[in-house]
Amino acid sequence: MYLYNSLSHKKELFKPNSENIVKMYTCGPTVYHYAHIGNLRTYIMEDVLEKALRYNGYHVKRVMNITDVGHLASDADTGEDKMVKGAKRENKSVMDIAKYYTDAFFADCDKLNIKRPDVVEPATNCINEYIKIVSGLLDKGYAYLAGGNVYFDTSKLEKYYVFNDHDEDDLAVGVREGVEQDLNKRNKNDFVLWFTKSKFEDQALKWDSPWGVGYPGWHIECSGISMKHLGEDLDIHCGGIDNAFPHHTNEIAQSESYLGHKWCNYWFHVHHLNTDSGKMSKSKGEFLTVSLLEQKGYDPMVYRLFCLQSHYRRNLVFSWENLDNAAAAYEKLIAKIATLKADGDVDEAVFAQLKDRFTKALDGDLNTSVAVTAVYDVLKAKTNDATKLAALADFDQVLSLNLISAAEKVRKQQELEQEANADPEIDALVSARTEAKKAKNFAEADRIRDELKARGIEIIDTPQGAKWRKV
Ligand code: AMP
Ligand code: ZN
């Protein structure tokens, strides 16, 4: 499998350190609010990556953190902790906020068929790991104490900007939005490993440490959690592109200085979902969540398809019109699959050809739009339905678009409608009940329902109106 590696700026053949197991780490959500659909684009594409690796025969151990402490309002070392801000906003405790939004995050993931990582670890669970790494960095001279905080000393590194695709001047302290100058820092990009002093003294969660009572910086979380569960080396680390700097840059700096060797071989970054007016964010414009899409009548699978239709290394522009196009495409696709009937044996040769196209798309830097095209190729293929259904079920292990189950539902619905159309007398009674309900004559509506029940007919209220079936 070829994957673009942000570290080398090239597509590289993916080769894990050990033959069969891929150690994968993904930065998880900061649980101070709902995830917006931009965040979820990143999690969908990481989910596809994990499933593509499994599809290729690898065992994957995937770890994700839950950031419930230490992520400040800026991505650097200034501002209030996002969790404390969220707790104040809702008049709840930080732990209540963390629990509520962690559950909400996984509920969204379930709706989008995003598999739960093998290990999910809240940052507040691993304080000892961070203390161990920070102590190690101090011992080795990579960190210093100033004004009550422990800082990482970036001047000790040969190369700090490992992803080096940004303009250093833009990143200078005081220039980047939301970053204020911290006079304790020896170098402008030094970052906090452990806080005991901050302007925001009402930090809710604090722990004892060799440097005083305090709390960890955001970056140390991911290094600590990754090392706890995956050891000293990592095959692939994922996140949204905004995490490349400073978050991932700092993770690499502290991990490799602490370990004394290379830490992670491949870096996978998902580009942003934008709106017409720029980057999607939780504070700007309409806050787009999966629940909002559902309220507006969209199946979450439509959003998943919308994401899969474009490459993860391209910015994707969200608009309702674009989503409507995805909705129409999904409905058509499922309707077409619903017409297939499992008739006879799978033609193994054709199946292998179809699978080959699909695999090549995934192996070419996770080209999901071509992988989706491979689904249409199946439908057009000159072969029997059994082969088509087998190929679609196979591809859906990675795409997770409910290709088979959604088609099954459509077919059942159609059968229901056919049955309903077959008896004019029952139809007339069902219509009479609908009219009675409209006229708020509920007694009459109930009487008709009971009459039908006595005749072995069950009424089913659907968004398309009342249907019936024999029970
Ligand atoms: P957060 O919960 O803010 O820590 O972000 C969770 C994930 O979403 C991170 O991997 C971010 O890089 C990613 N992310 C943030 N904004 C966007 C966006 N507009 N589009 C895609 N991914 C995003
Ligand atoms: Zn992280």
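Everything quoted here is computed from the prediction, not taken from an experiment.

Conventions and cut-offs
- Residues numbered from 1 in each chain as written.
- Chains lettered and ligands numbered in written order.
- Predicted model: local features only at pLDDT ≥ 70, side-chain atom pairs only at ≥ 80, totals over all residues.
- Heavy atoms only, no water.
- Near = heavy atom within 4 Å.
- Polar contact = N/O pair within 3.5 Å; in protein donor to acceptor, adjacent residues only side chain to side chain.
- Helix = DSSP H or I, 4+ residues; strand = E, 2+ residues; numbered from the N terminus.
- Axes fitted to C-alpha atoms, helices over the stretch in contact; angles between N-to-C directions.
- Parallel < 35°, antiparallel > 145°, perpendicular 65-115°, else oblique.
- Contact = heavy atoms within 4.5 Å.
- Nonpolar A, V, L, I, M, F, W, Y, C, P; charged D, E, K, R; others polar.
- pLDDT = per-residue confidence, 0-100.
- Donors = N, O, S within 2.8 Å, 3.2 Å for Na, K, Ca; no water.
- Buried < 20%, exposed > 50% of the residue type's maximum accessible area, 1.4 Å probe, protein only.
- Salt bridge = Lys/Arg side-chain N within 4 Å of Asp/Glu carboxyl O.
- Pairing = 2+ DSSP bridges.
- Phe/Tyr/Trp six-rings, centres within 6.5 Å; stacked < 30°, edge-to-face > 60°.
- Lys NZ or Arg CZ within 6 Å of the ring centre and 35° of its normal.
- Core = buried A, V, L, I, M, F, W, Y, C linked by side-chain atoms within 4.5 Å.

Q: Mind laying out the site of ligand 1, listing which residues take part and the relevant values?
A: Neighbouring residues of ligand 1: 18 residues in total, closest Thr30, Gly38, Thr42, Asp242 and Leu273. Here Thr30 contributes a side-chain N or O atom positioned 3.0 Å from an oxygen atom of ligand 1. One nitrogen or oxygen atom from the side chain of Thr42 is found 2.7 Å from a nitrogen atom belonging to ligand 1. Breaking the shell around ligand 1 down by element, the ones donating at least two residues are helix 1 (37-55) and strand 10 (234-240). In terms of residue count, helix 1 provides more of the shell around ligand 1 than any other element does, four residues in total.

Q: Before we move on, could you go through the packing of helix 1 against helix 8 (residues 300-308) and cite the residues and values that matter?
A: Where helix 1 meets helix 8, the closest approach of the two axes is 10 Å, and the angle between their N-to-C directions is 70°. As the angle between them shows, helix 1 and helix 8 are arranged roughly perpendicular. Residues Ile37, Gly38, Arg41, Ile44, Met45, Asp47, Val48 and Lys51 of helix 1 form the contact with helix 8, whose participating residues are Tyr303, Arg304, Cys307 and Leu308. Residues of the contact of helix 1 with helix 8, tallied by class, amount to seven nonpolar, one polar and four charged.

Q: I'd love a proper account of the confidence of the model for the protein, names of residues and values included.
A: This prediction gives the protein a mean pLDDT of 91; 94% of its residues lie at or above 70. In this model, residues 169-177 is a region of pLDDT below 50 whose contacts with residues beyond four sequence positions or in other chains number 18 contacts.

Q: I'd like a rundown of the coordination of the zinc ion (ligand 2), residues and numbers included.
A: Looking at the metal site, the zinc ion (ligand 2) is ligated by Cys27 (SG), Cys222 (SG) and His247 (NE2), spaced 2.0 to 2.2 Å from it. Mapping the donors of the zinc ion (ligand 2) onto the primary sequence yields the spacing C-x194-C-x24-H. Of this pair, Cys27 sits in the loop between strand 3 (21-26) and helix 1 while Cys222 sits in helix 5 (residues 218-230), and the two are 195 residues apart along the sequence. Taking relative accessible area as the criterion, Cys27 reaches 7% and is therefore assigned buried.

Q: I'd like a rundown of the pattern of salt bridges, residues and numbers included.
A: Scanning all chains against the criterion turns up 30 salt bridges. When the shortest N-O distance is used, the salt bridge between Glu294 and Lys111 registers 2.9 Å. One end of the pair, Glu294, is in helix 7 (residues 290-295); the other, Lys111, is in helix 3 (residues 94-111), with 183 residues separating them in the sequence. For Glu294, a relative accessible area of 33% translates into the label partly exposed. A residue is classified by how much of its surface remains accessible, and Lys111, at 31% relative accessible area, is partly exposed. A salt bridge links Asp461 to Lys437, with the shortest nitrogen-to-oxygen separation between them at 3.8 Å. Residue Asp461 is located in strand 15 (residues 457-462), and its partner Lys437 is located in helix 14 (residues 424-438); the two are separated by 24 residues in the primary sequence. Taking relative accessible area as the criterion, Lys437 reaches 33% and is therefore assigned partly exposed. Connected via shared salt-bridge partners are Glu46, Glu50, Arg54, Arg62, Lys115 and Asp118.

Q: So what's going on with the pairing of strand 5 (residues 119-122)? Which residues, and what values?
A: A regular strand places its side chains so that they alternate between the two faces of the sheet. Of the two faces of strand 5, only the one carrying Val119 and Glu121 is buried; Val120 and Pro122 on the other face are not. Bridge count for strand 4 (residues 59-66) against strand 5 is four bridges, and the pairing is parallel. Bridge pairing in strand 5 places Met64 opposite Val120.

Q: Could you give me a rundown of the packing of aromatic side chains, with the residues and numbers involved?
A: Each aromatic ring pair is described using two quantities: the centre-to-centre distance and the angle formed by the ring planes. With the rule as written, the count across this model stands at 24 aromatic pairs. With centroids separated by 5.1 Å and ring planes inclined at 80°, the aromatic side chains of Phe318 and Trp320 adopt a geometry described as edge-to-face. In this structure an aromatic cluster arises from ring pairing among Tyr298, Tyr303, Phe306, Phe318 and Trp320. The ring of Tyr100 carries the charged tip of Lys92 above its face, separated from the ring centre by 5.2 Å. Taking NZ or CZ as reference, Arg313 lies 4.0 Å from the ring centre of Tyr4, over its face.

Q: Can you tell me about the sheet that holds strand 11 (residues 264-270), naming the residues and giving the values?
A: Spatially, five strands are ordered 5-4-3-10-11 in an open sheet, and the strand pairing comes out parallel. Both outer strands of the open sheet, strand 5 and strand 11, are each paired with one neighbouring strand and no more. Direction aside, neighbouring strands of the sheet carry axes that sit 20° apart on average. Pairing of strand 10 with strand 11 involves six bridges; the strand directions are parallel. Bridging from a neighbouring strand, His237 pairs with Trp267 of strand 11. Taken strand by strand, helix 1 contacts strand 3, strand 4, strand 10 and strand 11, and its axis lies near 160° from that of strand 4.

Q: Would you mind going over the nonpolar core in detail, with residue names and values included?
A: The biggest cluster of nonpolar side chains holds 90 residues, and the ones touching the most others in it are Leu49, Ile236, Tyr303, Ile337, Leu366 and Phe395. Element by element, the count of residues in this core is highest for helix 1, at ten residues. In contact with Tyr303, other than residues within four places in its own chain, are Ile37, Gly38, Arg41, Ile44, Leu112, Leu273, Leu293 and Leu323. Core analysis: the second largest hydrophobic core is formed by 47 residues, Val69, Tyr160, Trp194 and Ile225 among them.

Q: Pulling in residues and values, what's your account of the sheet that holds strand 12 (residues 273-275)?
A: The strand order 13-12-14 describes an open sheet built from three strands, whose pairing is mixed. Looking at strand neighbours, the two that pair on one side only are strand 13 (278-279) and strand 14 (316-317), the edges of this open sheet. Where strand 12 meets strand 13, two bridges bridge the pair, whose relative direction is antiparallel. By the bridge assignment, Asn274 is partnered in strand 13 with Lys279.

Q: So what's going on with helix 6 (residues 244-259)? Residues and values would help.
A: Along helix 6, 15 of the 16 residues are buried, which leaves the element largely enclosed by surrounding structure. Where helix 6 terminates, the next one or two residues include Gly260, which has phi positive at roughly 80°.

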